Amino acid sequence: MAHPVGVTAEPDTHHEGRPEGVAADEFRAALTRLAAGVVLVTAHDPEDGPRGEDVGMTATAFVSVSLEPPLVMVSVRNGSRMDDLLERQPLWAVSVLAEGQRPIAGRFAMKGRVSDRLLFADVPHERGAISGALLIEGALAVLECRTEQRVVAGDHTLVIGRVLRAATPATESGPLAYFRGRYRHLD
């Protein structure tokens, strides 16, 4: 890289990178400094029981990928219930959580839970007309998606979905955010 006249490049005083990458604790500590929105990803498993089963997962690794076509991406842990379901069920939904929906985010972030049926029991929701997945009432936005591509990336799979329907219910609430390992709201 060229430097302007009279400016010299400073020697790199940072530690040399490791060929295998940064240590997990260093990586985690650095990324807690990135504020992220919080969403609830849901899908309906028609194969689980006579009426099927609704599955939910809190995510902060959710982004817009493309406007044309409308694509979004969510990162799911390999081998998780949501990963297994989205591997065979192409339709899913996303509810962008509002600041008052912190309890919903917390309950669907728990590891090792037996059934999501009880977690959804007292959460106001409706079923998406396209995806059949649950959409959380009071969310800032809801999206119904169809998987276009799955990319394995380390211990997670990036699920890229085409947005088939998007709605922004009327609400005055702000977004629920995640920063430094805690749920936050913006002032």
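Look up a bit, the structure's there.
Description of the structure in this document. Since the structure is predicted, the reported quantities are computational estimates derived from the model, not experimental observations.

1. Side note on the nonpolar core
Line of reasoning, step 1. Grouped together as the largest cluster of nonpolar side chains are 19 residues, with contacts concentrated most on Val-41, Val-74, Met-82 and Trp-92.
Line of reasoning, step 2. Elements supplying a minimum of two residues to this core: β2 (39-45), β3 (53-59), β5 (71-77), α2 (81-88), β6 (91-96), β9 (141-153) and β10 (156-167).
Line of reasoning, step 3. Here Val-41 is in contact with Val-55, Gly-56, Met-57, Ala-59, Val-74, Met-82, Trp-92, Ala-93 and Val-94, once residues within four sequence places are set aside.

2. A closer look at the pattern of salt bridges
Line of reasoning, step 1. Enumeration according to the criterion identifies nine salt bridges in this entry.
Line of reasoning, step 2. Between Asp-122 and Arg-107 there is a salt bridge whose closest N-O contact spans 2.6 Å. With Asp-122 in the loop between α4 (117-121) and β7 (125-127) and Arg-107 in helix α3 (residues 102-107), the pair connects residues that are 15 residues apart, well separated along the chain.
Line of reasoning, step 3. Via salt bridges that share partners, Asp-45, Glu-47 and Arg-88 belong to a single interconnected network.

3. A look at the sheet that holds strand β4 (residues 62-66)
Line of reasoning, step 1. Taken in spatial order, the seven strands line up as β3-β2-β6-β9-β10-β5-β4 in an open sheet, and their pairing is antiparallel. Unpaired on one side and paired on the other, β3 and β4 mark the two borders of the sheet. Each neighbouring strand pair of the sheet contributes to a mean axis angle of 35°, computed without reference to strand direction.
Line of reasoning, step 2. Where β5 lies against β10, seven bridges are found, and the strand directions are antiparallel. Looking at the pairing, Leu-71 lines up with Arg-162 of β10.
Line of reasoning, step 3. Across the face of the sheet, α2 comes into contact with β2, β3, β5, β6, β9 and β10 while running at roughly 55° to β2.

4. Focus on the pairing of β9
Line of reasoning, step 1. When β6 meets β9, the two strands line up antiparallel, connected through six bridges. The residue of β9 that forms the bridge with Ser-95 is Val-142.
Line of reasoning, step 2. Direction of pairing for β9 relative to β10: antiparallel, over a ladder of eleven bridges. Counted as the bridge partner of Glu-144 is Arg-165 from β10.

5. With respect to the sheet that holds strand β11 (residues 176-179)
Line of reasoning, step 1. Here three strands make up an open sheet; going across it, the order is β1-β11-β12 and the pairing antiparallel. In the strand order of this sheet, the two ends are held by β1 (36-37) and β12 (182-185), each with one partner.
Line of reasoning, step 2. Alignment of β1 against β11, held across two bridges, turns out to be antiparallel. Across the sheet, residue Ala-36 finds its bridge partner in β11, namely Tyr-178.

6. A short note on α2
Line of reasoning, step 1. Taken as a whole, α2 has its buried residues at Met-82, Asp-83, Leu-85 and Leu-86. Along α2, the residues classed as buried sweep out an arc of 165° about the axis, all on the same side.
Line of reasoning, step 2. Close packing links the buried residues of α2 with β2, β3, β5, β6, β9 and β10.

7. Some remarks on a nonpolar patch on the surface
Line of reasoning, step 1. A grouping of Val-22, Phe-27, Leu-31 and Leu-34 is seen on the molecular surface, where their side chains present a nonpolar patch of about 400 Å² in accessible area.
Line of reasoning, step 2. Structurally, Leu-31 can be placed in helix α1 (residues 24-31).
Line of reasoning, step 3. Accessibility expressed as a relative area gives 43% for Leu-31, which makes it partly exposed.

8. Some remarks on the side chain of His-44
Line of reasoning, step 1. Position of His-44 among the secondary structure elements: in strand β2.
Line of reasoning, step 2. Given a relative accessible area of 15%, His-44 falls into the buried group.
Line of reasoning, step 3. Looking at His-44, its side chain comes within polar contact range of the side chain of Asp-54, at 2.8 Å.

Parameters at a glance
Per chain, residue numbering runs from 1 following the sequence as it is written. A pLDDT threshold of at least 70 governs which residues receive local features in this predicted model, and a stricter bar of 80 or more applies before side-chain atom pairs are shown or counted, although totals over entire chains, interfaces and linings include all residues. Working from all heavy atoms in the structure, the side-chain values ignore hydrogens and water. What makes a nonpolar core is a set of buried Ala, Val, Leu, Ile, Met, Phe, Trp, Tyr and Cys residues whose side-chain atoms join them at distances within 4.5 Å. In this scheme, a residue with accessible area under 20% of its type's maximum is buried, one over 50% is exposed, and one in between is partly exposed, where area comes from a 1.4 Å probe on protein chains only. Secondary structure elements follow DSSP: runs of H or I no shorter than four residues count as helices, runs of E no shorter than two count as strands, and numbering proceeds from the N terminus. Residues are treated as being in contact if the distance between any of their heavy atoms lies within 4.5 Å. The salt bridge criterion pairs a side-chain nitrogen of Lys or Arg with a carboxyl oxygen of Asp or Glu, the two atoms within 4 Å. Following DSSP output, two strands are said to pair if at least two bridges run between them. Interaxial angle, 0 to 180 degrees, is taken between N-to-C directions of lines fitted to C-alpha atoms, where a helix line uses only the stretch in contact. Summarising the geometry, the arc corresponds to the directions from the helix axis toward the C-beta atoms. Patch rule: a residue counts if its relative accessible area is over 30% and it has no salt bridge; like charges are joined within 9 Å, and nonpolar side chains (Val, Leu, Ile, Met, Phe, Trp, Tyr) within 5 Å. In this description, accessible areas are obtained by the Shrake-Rupley approach with a 1.4 Å probe, and a residue is regarded as covered only by the protein chains that are shown. In the analysis that follows, any N or O atom pair within 3.5 Å is treated as a polar contact, provided that within protein one partner can donate a hydrogen and the other can accept it, and provided that, for residues neighboring in sequence, both atoms belong to side chains.

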